[in-house]
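A look at the structure
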Amino acid sequence: MSQTTSAPVASPAGFSDVKGWFWPADQLLFDWFLKRQDRVPEQNGDLLELGAYLGKSAIFIGGYLRPGEKFTVCDLFDSPAPDDPNSAEMGRSYSTLTRRGFEANYLAFHEQLPTVVQAPTSVIGSRLDAGSCRFIHIDASHLYEHVHGDIVAARELAAPDAIVAFDDFRAEHCPGVAAAVWGAVATMELKLICITGTKAYGTWGDPEPARAELLDWLAPRTDLWHGVEEVAGAPLIRIDGKKAKAPTPPQPLRPVSETPKTAESPRTPEAAGEPGTSGPAAPGPAASVPAAAPRGLLARALGRRR
Ligand SMILES: C[S@@+](CC[C@H](N)C(=O)[O-])C[C@H]1O[C@@H](n2cnc3c(N)ncnc32)[C@H](O)[C@@H]1O
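Attention in this report is confined to the structure presented alongside it. (Residues numbered from 1 in each chain as written. Predicted model: local features only at pLDDT ≥ 70, side-chain atom pairs only at ≥ 80, totals over all residues.)

**Some points on helix H8 (residues 208-218)**
Three or more residues of H8 are buried, namely Ala210, Arg211 and Leu214. The buried residues of H8 occupy an angular sector of 100° when the element is viewed end-on, so they sit on one face. In H8, those exposed residues whose orientation departs by more than 90 degrees from the buried face are Ala212 and Asp216. Residues of H8 that are buried in the fold lie against helix H1 (24-39), strand S6 (191-195) and strand S9 (234-240). (Buried ≥ 20, exposed ≤ 12 C-beta atoms within 10 Å, placed from the backbone. Helix = DSSP H or I, 4+ residues; strand = E, 2+ residues; numbered from the N terminus. Arc of directions from axis to C-beta. Contact = placed C-beta atoms within 7 Å.)

**Focus: the environment of alanine 25**
Tracing the sequence through the fold places alanine 25 in helix H1. Not counting residues within four places of it along the chain, the set of residues in contact with alanine 25 comprises Thr196, Leu224, Ile239, Gly241 and Ala244.

**A few points about unusual backbone geometry**
A negative phi angle is the norm for most residues apart from glycine, just as the trans form is the norm for most peptide bonds. Of note in this structure, aspartate 168 is not a glycine but carries a positive phi near 55°. Structurally, aspartate 168 is set in the loop between strand S5 (158-167) and helix H7 (175-187). Among the residues examined, aspartate 168 registers 24 C-beta atoms within 10 Å and is labelled buried. Phi at glutamate 189 takes a positive value of approximately 60°, unusual for a residue other than glycine. Its place among the elements puts glutamate 189 in the loop between H7 and S6.

**Let's talk about the pairing of strand S7 (residues 199-203)**
Of all the five residues making up S7, five are buried; the element is thus mostly covered by neighbouring parts of the structure. Every second residue of S7 is oriented toward a common face, with Lys199, Tyr201 and Thr203 on one face and Ala200 and Gly202 on the other, all of them buried. Here S5 pairs with S7 via four bridges, running antiparallel. Following the sheet pairing, phenylalanine 166 is matched in S7 by alanine 200. Bridge analysis of S6 against S7 gives four bridges, and the strand direction is antiparallel. The partner of lysine 191 across the bridge, within S7, is threonine 203. (Pairing = 2+ DSSP bridges.)

**Some thoughts on the environment of tryptophan 32**
By secondary structure assignment, the location of tryptophan 32 is in helix H1. Since 19 C-beta atoms lie within 10 Å of it, tryptophan 32 is described here as partly exposed. Sequence-wise, tryptophan 32 and proline 247 are 215 residues apart; in three dimensions their C-alpha atoms are separated by 9.9 Å. For tryptophan 32, the contacting residues outside a window of four places in its chain are Leu214 and Trp217.

Here it is in structure tokens:
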């Protein structure tokens, strides 16, 4: 486990105070895929997230870490980006992000930090063992070259039947993610299992058992619409999660009044949990927003990413 950096910043009182882009339908699916791995004895391996921001999805994933496993997150945080387009993306979307902010949020929910790789995701293939990860969340740069590189690394790092989740695989503001994900389906034998409005879930293993069990799980649910469509020669489960009821959120380790008084963090829109112009693209950071808020309200509450 890596060490936290020096001065603390304010702790969140609850999961809804952690800003990020991790919506109820995807929380449900992360929960389903990760719990399913507990039921499949041969599904061993570590957890990996590329792109953590302030820890919303990392805090959630960290709750599924089993004894003896390692959780790694890779993010630039406040380090320079490796190229100009990535630098522009960082300036546009994550200008107030700090590693300390991530660490303070994570430690409000977990006793130990994950292994933090503060670097471009292009290093990740050389930091972890091939075939070591059972669950990988790809949510770092949304530019084609970077996402393609992340997918190449994920294929190398994926344990047999590992699940890989791809963020923003179809959004108008990041066509490069769509190109990289569908390109991997076409040329790298990636098999997609299901999609939500915001993420695609796939594997380089056998998709059939998970697909069949997922359909069984979806069948009685009234908060998740689903349908199946043949895409590129394989059935793809489409999930509409607009009415999704989020699973029980990760709980803070201690009430916020008991946490040591912390240094004031700057009251930027991000730190204050208010809509701002620096958050990533639509639909905007998920903080203090009712799970089932109508789209119009959500857009107004959160602001646009560009
Ligand atoms: C969309 S945010 C991640 C959101 C987070 N997973 C959540 O659900 O709240 C993308 C993150 O990727 C990081 N990032 C962007 N380009 C990167 C790169 N080339 N290497 C590593 N991290 C990068 C940014 O610093 C940012 O924290």
